[in-house]
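Topology and contacts: notes
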Amino acid sequence: MQPNIMMKKNIPASKASLVLFLCQMISALDVPLDSKLLEELSQPPTITQQSPKDYIVDPRENIVIQCEAKGKPPPSFSWTRNGTHFDIDKDAQVTMKPNSGTLVVNIMNGGKAEAYEGVYQCTARNERGAAISNNIVIRPSRSPLWTKEKLEPNHVREGDSLVLHCRPPVGLPPPIIFWMDNAFQRLPQSERVSQGLNGDLYFSNVQPEDTREDYICYARFNHTQTIQQKQPISVKVFSMDSLNDTIAANLSDTDIYGAKPVTERQPILLTPTGSTSTKVELRGNVLLLECIAAGLPTPVIRWIKEGGELPANRTFFENFKKTLKIIDVSEADSGNYKCIARNTLGSVHHIISVTVKAAPYWITAPRNLVLSPGEDGTLICRANGNPKPNISWLANGVPIAIAPEDPSRKVDGDTIIFSHVQERSSAVYQCNASNEFGYLLANAFVNVLAEPPRILTPANKLYQVIADSPALLDCAYFGSPKPEIEWFKGVKGSILRGNEYVFHDNGTLEIPVAQKDSTGTYTCVARNELGKIQNEVQLEVKDPTMIIKQPEYKVIQRYGQVSFECIIKHDSTLLPTVVWLKDSDELPDDERFLVGKDNLTIMNVTDKDDGTYTCIVNTTLDSVSASAVLTVVAAPPTPAIIYARPNPPFDLELTGQLERSVELSWIPGDENNSPITNFVIEYEDGLHEPGVWHYQTEVPGTQTTVQLKLSPYVNYSFRVIAVNEIGRSQPSEPSEQYLTKSANPDENPSNVQGTGSEPDNLVITWESLKGFQSNGPGLQYKVSWRQKDVDDEWTSVIVANVSKYIVSGTPTFVPYEIKVQALNDLGYAPEPSEVIGHSGEDLPMVAPGNVQVHVINSTLAKVHWDTVPLKTVRGHLQGYKVYYWKVQSLSRRSRRHVEKNILTFRGNKTFGMLPGLEPYSSYKLNVRVVNGKGEGPASPDKVFKTPEGVPSSPSFLKITNPTLDSLTLEWGSPTHPNGVLISYTLKFQPINNTHELGPLVEIRIPANESSLVLKNLNYSTRYKFYFNAQTSVGSGTQITEEAVTIMDEAGILRPAVGAGKAMASRQVDIATQGWFIGLMCAVALLILILLIVCFIRRNKGGKYPVKEKEDAHADPEIQPMKEDDGTFGEYSDAEDHKPLKKGSRTPSDRTVKKEDSDDSLVDYGEGVNGQFNEDGSFIGQYSGKKEKEPAEGNESSEAPSPVNAMNSFV
């Protein structure tokens, strides 16, 4: 008996126990895919990787011939060349990779590729057998030059046919041919002008615009990335008009002249020639048939297969239908293919008889066989081909006829039969199937193992199931011979038998209906003649989860409240989760929906809440659900027209099917009293995304047909959704399916980028095309790159199912030109645009030099540096970073914790400003260049110092010990002296009860003082103090404070002395003194008399003599005196001449109330020091305008009396 087993590695152990190999025979030995087990078992060699049979190599690069194999013990490797042993130790240019059979031929160090042409075969051998590789034919690629030839110009008459021969040099592999002009632009091709499969350029008929001297044929040899160019070919087309002009110039007027006009001709075939030809192609290849015809008008080509149809989905027309392409041909494609060339004058045809042969292909390839001693088995090798292939067997790489005898082995054609095998029967057998078109070689080993039983399921594995459901307990095992499996419940229980259990061949015990009493320990025992082993697993049976109170159908009025209940019962050891759904989707994100422990409540119900609500309860072992419908009705319900969503459209029909479009029509459903506004058309791609519907387009509600644009290689189904103001209908039933033909991709990947993740790589990324954008099967990407500004050829790889490719071994940070082109089995997308990327960055190499610091002021400095050479940046220059930190303060000489500041200057700058420095301090700085990788080395530390600045305000100012005439001031030195303190300045001035400020007094105090006693102040007076510190640079910020001297007991005024020239004092309020009240009454009476006299005199036209005297005395209100020298100053207050309003009077508090006039006597002070003259005029001084801000100079604090202020009104 014989099993066929394919051994694989790298399978997770957790899944290994569930996976068994398929066998050819029922009694074959199964080997679980347990990685640890496979490592321990002996195994004959298996070839895992080898070079292709026909291996064309680049003669400029090292030749790498791959041969990798696995086995236990690890195999050794040997090679043959042209059928004889190849001793690599005798060839200095050839080495074998360690732990591998791969050969490396060193061509780049003096070897010649031509010397290593030949047929190579690798043998991998260990103690259990030998596996061999295919015959690997090594041939260096060739790109020979064009043979020199003298090309004569082609002179052709308009309308004639023309063939420009390319005849490229024979290369290996054959070159790709294309025609271009001197400007490296591809020559335009059409139905009239096209390139044949042999590379020649065919003109069905020439036109005058075909005249040119630069028809150039190019041959591109992809393997060596070289392009060869043929000498330019000249074509001159003579038109009929030019011929007539030439003839007319040479004949007399009486001669009859005129060339014949362009003659139309029926088609003739330029290739192939004759009426018939033959073509042989191999199964699985691409069949290309070509017909190119001459004629005027240009013929049109049509293809048919005699006696049959062209195969659907595998037939393509290229080169303006001149080439018939059938992919993946089979023997059924043999037959006669007719091409017909036709124009308005006739037609011509050619029949190509196609025969499809077949290289050998597998029907049943031999598969690895694992047997136990004494077992039977078979190896089967079946292949087909045309002609039928010959089957031959080898054992350990030697023809089986001359291999060592094995009594357990018998060869019967394509089958080897093994009987009663022993361990020595282990070997590797090779099956060779060959015919004239090729061969197949397959290795299959026979591995005879004698192994005691092993159980692969983890010990004490816990299984949990819900009651009344099946329980599957695993017992994955291996042994040779195959062990017998028995199950027991409990450690010492009896063997399990009967219909209540199912015993699977892989060792699994199934309990079809597990009950609570099924809980417990189960023991699996595996035994064969070499031993016995057992394993225990645990089973827990849980109570099922149930919804004991389900949500119920509800009808609720609009804007009401509704609640659905969902009360559950579950196993106490399981943790349930409850999820609510609306119409099979998540609940709306709305605060009106309140989910409780056992219910769902909806507040303020609206029409949108109408639907089906489902409660789903999940545990780790089971899930249950219950649903209820909510119907929202109007409140109160009144008979009305029912508006509803439209019914779905029906009777969808596809017509006018084309490659890129189709017409869809449908019949609308009932609109349910709300007109249909539009139809939404969706499509499903059954080929790439079955079951997923995508938006296609939408049309107005009055339209029931639409022309839809389609993409190639998509299996379309369509459905239609009607929309009205109420909502969307249910989708219609899907239309019939329509599979569009495959085509080349229309577009290339987007967002192509090139960056480096490491200094020596280039990471090329792109956004992959969607499934429907592939336009055909076999979507891949051609990734190309070359170093920019270096005369390098493009390097390309083709990858699939990825959106990233990493190029290793690149120089650090150099620009690359990158492009990514999509392709599929039908061809390439249009040529992609190039993008510029860069390989990986590395940290900058050098630090900026010539670092200089220019200190601008005490808080600002300017730093200069020289830029580093760009080649040392080794990345995108992002800028420069300046690290700077304070070392110490020069005034305090104390160090502190160093806190580094960092300023970044973007771009290639060479200077920067450092703001916010502390005055009178010592700093250090360095500069570093920054790129995308990080920072470079730091420049040497540069030391600089900031000059002195103005100090901060004193830390405090306290005023203590107030007496009748003194105050004590105490202060603290500035927190930030910002230099050497030289003194303090104290300014102070009195404040009266109207908050006016008196004259300012300034005192200079030595820097070493911290207190001062001010004496000779006015008693009961408020003073305002201004205090600041000075360095040699200037004064700092001042601090202010206010204080009041105390009042004596007698309340008697004392003269102010010693506190300045004059100080405004807060005197005792005289408004309550008797003498002052009598004086004010007399003044008021006098003013009243003066007003009456003035009124009488004006009525008589006279002049009041007192006024004349006042004019003669130059009233100080009009000519105020300067305070410093007693001279008169300029008049400054126009408001002083406003007349006194009727009813104005001086109140008892010695102020004039402010009514219509803007003036107030309060503004002029409180003192009454003036006197009346004999004529009633007031004699006194007017001290000038009021002071509202602190005064800088010493000014008089005297204020005029109210009577003096009124003098200006008379």
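Before reading on, note that the structure itself is shown above.
Since the model is a prediction, treat every value here as computed from it, not as a measurement. (Residues numbered from 1 in each chain as written. Predicted model: local features only at pLDDT ≥ 70, side-chain atom pairs only at ≥ 80, totals over all residues. Heavy atoms only, no water.)

1. Topic: the overall build of the chain
This is how it is decided: Helix and strand definitions follow DSSP, with helices as H or I runs of at least four residues and strands as E runs of at least two, each counted in order from the N terminus. Relative accessibility under 20% of the residue-type maximum defines a buried residue, over 50% an exposed one, and the middle range a partly exposed one, all with a 1.4 Å probe and only protein chains included. Residues are treated as being in contact if the distance between any of their heavy atoms lies within 4.5 Å. In short, Shrake-Rupley with a 1.4 Å probe defines the accessible areas, and a residue's cover is counted only from the protein chains shown.
Of the regular secondary structure elements, the chain holds seven helices and 87 strands. Looking at the chain residue by residue over its 1210 residues, the buried ones come to 42%. Residue pairs at least 24 apart in sequence account for 65% of intrachain contacts in the chain once pairs closer than 6 positions are excluded. A total of about 64,300 Å² of accessible surface is found on the chain, and carbon and sulfur atoms cover 50% of it.

2. A short note on the sheet that holds strand β29 (residues 369-371)
For clarity, the cut-off: For two strands to count as paired, DSSP must find a minimum of two bridges between them.
Judged by pairing direction, the sheet is mixed, and its five strands sit side by side in the order β29-β37-β36-β32-β33 without closing on themselves. Because the sheet does not close on itself, it has two edges, and the strands there are β29 and β33 (398-399). Relative to strand β36 (residues 427-435), strand β32 (residues 390-395) runs antiparallel, the two sharing six bridges. Bridge pairing in β36 places serine 392 opposite asparagine 432.

3. Some remarks on the sheet that holds strand β58 (residues 661-667)
We count it as follows: Axes, fitted as lines to C-alpha atoms, cover a helix only where it is in contact. Angles between the N-to-C directions of the axes lie from 0 to 180 degrees.
Spatially, the three strands line up as an open sheet ordered β57-β58-β61, and their pairing is antiparallel. Across the chains shown, the open sheet's two edge strands, defined by having one partner strand only, are β57 (650-655) and β61 (705-709). Going across the sheet, the axis of each strand differs from the next one's by a mean of 25°, ignoring polarity. When β57 meets β58, the two strands line up antiparallel, connected through four bridges. In the sheet register, glutamate 653 faces β58, and the bridge partner there is serine 665.

4. With respect to the state of the cysteines
Quick note on the threshold: When two cysteine sulfur atoms lie within 2.5 Å, the pair is treated as a disulfide.
Per the stated rule, a full pass over the model turns up six disulfides. Here cysteine 67 pairs with cysteine 122 through a disulfide, and the sulfurs are 2.0 Å apart. For the disulfide bridge between cysteine 67 and cysteine 122, the dihedral angle about the S-S bond is near -70°, and by the sign convention the bridge is left-handed. Highlighted residues: cysteine 67 in strand β4 (residues 67-72) and cysteine 122 in strand β9 (residues 118-126), separated in sequence by 55 residues. Classification of cysteine 67 by relative accessible area gives buried; the value is 0%. Assessed through its relative accessible area of 0%, cysteine 122 is described here as buried. Paired by a disulfide, cysteine 381 and cysteine 431 hold their sulfur atoms 1.7 Å apart.

5. Here we look at the packing of aromatic side chains
Rules: The pairing test for Phe, Tyr and Trp rings, Trp by its six-membered ring, is centres within 6.5 Å, and the orientation test on the planes gives stacked under 30 degrees, edge-to-face over 60, and tilted for anything in between. By definition here, charges over rings are those cases where NZ of Lys or CZ of Arg is within 6 Å of the ring centre and within 35 degrees of the ring normal.
The final tally for this structure, using the stated rule, is 21 aromatic pairs. Every member of this aromatic cluster is reached through a ring pair, and the members are Phe178, Phe184 and Tyr218. For the cation-ring pair, lysine 862 lies above phenylalanine 911, with the distance from its terminal atom to the ring centre recorded as 4.7 Å. Sitting over the ring of tryptophan 885, lysine 900 keeps its end group 4.4 Å from the ring centre.

6. A short note on a nonpolar patch on the surface
Heads up, the rule is: The patches described consist of residues with a relative accessible area above 30% and no salt bridge, like charges being joined within 9 Å and nonpolar side chains (Val, Leu, Ile, Met, Phe, Trp, Tyr) within 5 Å. Basic side-chain nitrogens of Lys or Arg form a salt bridge, by our definition, when they fall within 4 Å of a carboxyl oxygen of Asp or Glu.
On the surface, Leu1085, Leu1088, Ile1089, Ile1092, Val1093, Phe1095 and Ile1096 cluster together to form a nonpolar patch covering roughly 650 Å² of accessible area. Summarising the element assignment, leucine 1085 is placed in helix α5 (residues 1074-1100).

7. Overview of the layout of surface pockets
In this approach a probe as big as a water molecule rolls over the atoms, and the regions it shows empty are the leftover space. Just so we agree on the cut-off: Lining residues are defined by having an atom within 4 Å of a point belonging to a cavity or pocket. Those points lie on a 1 Å grid over the protein atoms alone, cavities being sets where a 1.4 Å probe fits but cannot get out and pockets being open sets with protein on both sides within 12 Å along at least five of seven lines. Grid points are joined across faces, edges and corners, and a volume is the space filled by probe spheres set on the points. In this classification, the charged set is Asp, Glu, Lys and Arg, the nonpolar set is Ala, Val, Leu, Ile, Met, Phe, Trp, Tyr, Cys and Pro, and all remaining amino acids, among them Gly, are polar.
Considering only enclosed or pocket space, the largest pocket measures out at about 2,000 Å³ in volume. Looking at the largest pocket, it is lined by 49 residues, and the ones nearest its centre are Ile176, Phe178, Arg186, Arg220 and Glu831. The set of elements that each furnish at least two residues to the lining of the largest pocket consists of β14 (176-180), β18 (226-229), β26 (323-326), β66 (780-787), β69 (815-824) and β70 (827-828). The greatest single-element share of the lining of the largest pocket, amounting to five residues, is contributed by β14. Residue composition of the lining of the largest pocket, by class: 18 nonpolar, 16 polar and 15 charged.

8. Observations regarding the environment of histidine 570
Definition in use: N or O atoms within 3.5 Å of each other form a polar contact, as long as, within protein, one can give a hydrogen and the other can take it, and as long as residues adjacent in sequence are counted only when both atoms are side-chain atoms.
For histidine 570, the location among the structural elements is in the loop between β50 (567-569) and β51 (577-582). Discounting chain neighbours no more than four positions away, the residues touching histidine 570 are Pro544, Thr545 and Pro576. A polar contact of 3.3 Å, which involves the side chain of histidine 570, links it to the backbone oxygen of leucine 574.

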